[in-house]
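Spelled out, the chains give:
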Amino acid sequence: FFFKQKTAYEISTRDWSSDVCSSDLGCGTGINLIRWSTLFGDSVSYFGYDWTSSSQDILSLLREKKGLKINGINYNFFDPKPLSHVQKTSLFITVTALEQIGANYLPFLTKLLESPATRFVHFEPFFEDFNYLDPCDRASIEYCKSRNYLHGFLEHLRQLEKEKIIKIIIVK
């Protein structure tokens, strides 16, 4: 995870109803957005960013048929544009969405850092901290490498933290 300003305690205990929007980058079918809308209600706008048009179609149907305040936005991690509908109180999350970009994360990360949002949560396969001597970890590392999963991102975040650009709350 990384956040530009808030602490983990503030994020987990705060009143989410004051947030303007929450966004899932690489949202797929929108399952996280559905959960958020159930937890936090209609006072928050929800945005699902994904590169496939079928994702936007699914989110449109959820909005129309279920009345959920969810909007789909076409977004390409390989050719990222500035994030839309972003305010300082926006929360962005990625859940195993970045693994496909391998070492090509910098353009996307730059767009995140240029946005006014201050909170980002990443649930991603960071294999940099795995122990190559452990057989399970080694198998995971080899699999991630064979699939060209996200690599270098965590180390880059750690460097940004050393430069006091971001604050990493926890890595597990």
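Scroll up to find the structure this text is about.
What you see is a predicted model, and the numbers here were worked out from it, not measured in a lab. (Residues numbered from 1 in each chain as written. Predicted model: local features only at pLDDT ≥ 70, side-chain atom pairs only at ≥ 80, totals over all residues. Heavy atoms only, no water.)

## Describing the environment of S45
Convention followed: Helix and strand assignments come from DSSP, with helices taken as H or I runs of at least 4 residues and strands as E runs of at least 2, each series counted from the N terminus.
Locating S45 in the fold gives a position in strand 3 (residues 45-50). When the C-alpha positions of S45 and H85 are compared, they lie 9.2 Å apart, and in sequence the two are 40 residues distant.

## So, helix 4 (residues 106-114)
Inclusion rule: For the exposure calls, accessible area comes from a 1.4 Å probe over protein chains only, and a residue counts as buried if that area is under 20% of its type's maximum, exposed if over 50%, partly exposed in between. It is the directions from the helix axis to the C-beta atoms that the arc portrays.
Turning to helix 4, its buried residues are F108, L109 and L112. One side of helix 4 holds all its buried residues, which, seen down the axis, span an arc of 95°.

## Brief notes about the packing of aromatic side chains
Applicable threshold: Note on aromatic pairs: the rings of Phe, Tyr and Trp (six-membered ring only in Trp) are paired at centre separations within 6.5 Å, and the planes decide the class, stacked below 30 degrees, edge-to-face beyond 60, tilted for the rest.
Considering all chains together, one arrives at nine aromatic pairs under this definition. Centre to centre, the rings of Y49 and Y75 are 5.6 Å apart; their planes meet at 90°, and the pair counts as edge-to-face. Of this pair, Y49 sits in strand 3 while Y75 sits in the loop between strand 4 (70-74) and strand 5 (91-95), and the two are 26 residues apart along the sequence. Per residue, the accessibility class of Y49 equals that of Y75, and both read buried. Here the aromatic rings of F77 and F108 are separated by 4.7 Å at their centres, their planes lie at 80°, and the arrangement is edge-to-face.

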